[in-house]
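Residue-level structural notes
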Amino acid sequence: MSSSSAVPAAKPPIRDALVAAAFRLFLERGFEQTTVDDIVALAGVGRRSFFRYFPSKEDVVFPDHEGCLAEMTAFLAASGPEHEPVRRVCDAARLVLRMYAENPAFSVQRYRLTRQVPGLRAYELSVVWRYERALAEYLRGRFAGRPDGTLRADVIAAAVVAAHNNALRSWLRSDGVGDAGAAVDHALAYVHRTYARPADAQAVRSAAGAGPGPDGDVVVLVSRRDAPLWRVVQELETVLDRS
């Protein structure tokens, strides 16, 4: 007669355990009433472990933003002359959306908590500002030497963040129902239509090896394979209308 024993479930990594414990306590007791000692006790780890992963209690509410900011910075740093700059920063903003959309339940839960705690709202604003600064620094480099280049870079970066957050927060207020990607695409397309310039589109065509094409003889459009058809058409119309 053979016997078998159940394999115990693997414990979550310490970082994930701390986040799960923190949010459980925040929902049960409130953010202000929960201490770091409470969190580590529930997670079953030492106090030192908490501060190895999170500098403060506020940071545990936003555990994924540092990684997302690093990914955005690397994405922008990998840009070349073939990337139209306004389109590039819009695509960079979509990395933030992807982070939220990967775990809708957690994102909605965090949104509700942040709305209830003034200190967390202030912390969130500081995080948003860092994203905006990354976008602006990239655009400043692309617009260097142009009239009002710095001004244009800062305005476009702010517009991208505002459009992205408008769509994202509408989705979060709906408890994560609906297609967040479509809403953000719509908002960012508005920014692109408003701020993209013919000279930038022409530079992209030149970098791709296409000539200037007087009278619009040749247009080269580079798009993602999985881009929806409406977006491809919209990009083409933008180039043709402004060229």
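Cut-off values and rules
Residues numbered from 1 in each chain as written. Predicted model: local features only at pLDDT ≥ 70, side-chain atom pairs only at ≥ 80, totals over all residues. Heavy atoms only, no water. Helix = DSSP H or I, 4+ residues; strand = E, 2+ residues; numbered from the N terminus. Buried < 20%, exposed > 50% of the residue type's maximum accessible area, 1.4 Å probe, protein only. Areas by Shrake-Rupley, 256 points an atom, 1.4 Å probe, with all protein chains shown as cover. Axes fitted to C-alpha atoms, helices over the stretch in contact; angles between N-to-C directions. Parallel < 35°, antiparallel > 145°, perpendicular 65-115°, else oblique. Left-handed = near helix turned anticlockwise from the far one by under 90°. Contact = heavy atoms within 4.5 Å. Nonpolar A, V, L, I, M, F, W, Y, C, P; charged D, E, K, R; others polar. Salt bridge = Lys/Arg side-chain N within 4 Å of Asp/Glu carboxyl O. Expected span 1.5 Å × (residues − 1). pLDDT = per-residue confidence, 0-100. Arc of directions from axis to C-beta.

1. Topic: the overall build of the chain
Looking only at helices and strands, the chain has 11 helices and 0 strands in total. Ordered by position from the N terminus, the helices and strands of the chain form the series α-α-α-α-α-α-α-α-α-α-α. Buried residues in the chain amount to 42% of all 243 residues. For the chain, the exposed area adds up to about 13600 Å²; of that, 56% sits on carbon and sulfur atoms.

2. Focus: unusual backbone geometry
Although it is not a glycine, Asp 148 sits at a positive phi angle of roughly 55°. Positionally, Asp 148 belongs in the loop between α7 (118–142) and α8 (149–173).

3. A short note on the environment of Thr 150
As for its position among the elements, Thr 150 is in helix α8. The class of Thr 150 is partly exposed, set by a relative accessible area of 44%. A sequence separation of 14 residues divides Thr 150 from Ala 136, and the C-alpha atoms of the two residues are 8.3 Å apart.

4. What about the packing of α8 against helix α9 (residues 180–195)?
The contact between α8 and α9 brings their axes to 8 Å, and the two run at 155°. Classed by the angle they form, the pair α8 and α9 counts as roughly antiparallel. Classified by chirality, the crossing of α9 by α8 is right-handed. Judged by residue contacts, Arg 152, Val 155, Ile 156, Ala 159, Val 160, Ala 163, His 164, Ala 167, Leu 168 and Trp 171 of α8 engage Ala 180, Ala 183, Val 184, Ala 187, Leu 188, Val 191 and Tyr 195 from α9. Of the residues contributing to the contact of α8 with α9, the split by class is 15 nonpolar, 1 polar and 1 charged.

5. Examining the pattern of salt bridges
In total, this model carries 11 salt bridges according to the counting rule given. In this structure, Asp 38 and Arg 29 form a salt bridge, with 3.1 Å as the shortest nitrogen-oxygen distance. Since its relative accessible area comes to 22%, Asp 38 is described here as partly exposed. With its nearest N and O atoms 2.7 Å apart, the salt bridge here joins Arg 112 to Asp 175. Of the two residues, Arg 112 is situated in helix α6 (residues 104–116) and Asp 175 in the loop between α8 and α9; the sequence distance between them amounts to 63 residues. We classify Asp 175 as partly exposed; its relative accessible area is 43%. Through salt bridges with shared partners, a single ionic network connects Asp 91, Arg 94 and Asp 185.

6. Describing the packing of helix α4 (residues 65–77) against helix α5 (residues 85–101)
Following both chains from N to C, one finds α4 and α5 inclined at 155°, their axes separated by 10 Å at the closest point. Considering their axes alone, α4 and α5 lie roughly antiparallel with respect to each other. As for the relative orientation of α4 and α5, their crossing is right-handed in sense. Contacts between α4 and α5 pair His 65, Cys 68, Glu 71, Met 72, Phe 75 and Leu 76 from the former with Arg 88, Val 89, Asp 91, Ala 92, Ala 93, Leu 95, Val 96, Arg 98, Met 99 and Tyr 100 from the latter. Grouping the constituent residues of the contact of α4 with α5 by class yields 11 nonpolar, 1 polar and 4 charged.

7. Points about α8
Turn by turn, an α-helix covers 3.6 residues, leaving residues three or four places apart pointing in a common direction. For α8, with 25 residues, the first-to-last C-alpha span of 36 Å sits near the 36 Å given by 1.5 Å per residue. Where α8 terminates, the next one or two residues include Asp 175, which has phi positive at roughly 65°.

8. Section: the confidence of the model for the chain
Chain-level pLDDT for the chain is 85 on average; 77% of the residues reach the 70-or-more range. Considering each helix and strand of the chain separately, the mean pLDDT is smallest for helix α11 (residues 229–242), with a value of 55, and largest for α8, with 97. Per-residue pLDDT stays below 50 along residues 213–217; that stretch engages in 1 contact with residues further than four places along the chain or on separate chains.

9. Focus: α4
Look at α4: 18 Å from first C-alpha to last across 13 residues, which is about the 18 Å you get at 1.5 Å a residue. Of the residues making up α4, those classed as buried are His 65, Cys 68, Leu 69, Met 72 and Leu 76. Buried residues of α4, seen end-on, are gathered within an arc of 100° and therefore sit on one face of the element. As for α4, its buried residues are in contact with α5, α6 and α7.

10. Comments concerning the environment of Ala 105
Among the structural elements, Ala 105 can be located in helix α6. Among the residues examined, Ala 105 registers a relative accessible area of 60% and is labelled exposed. A C-alpha to C-alpha distance of 7.9 Å links Ala 105 and Asp 175, two positions 70 residues apart in sequence.

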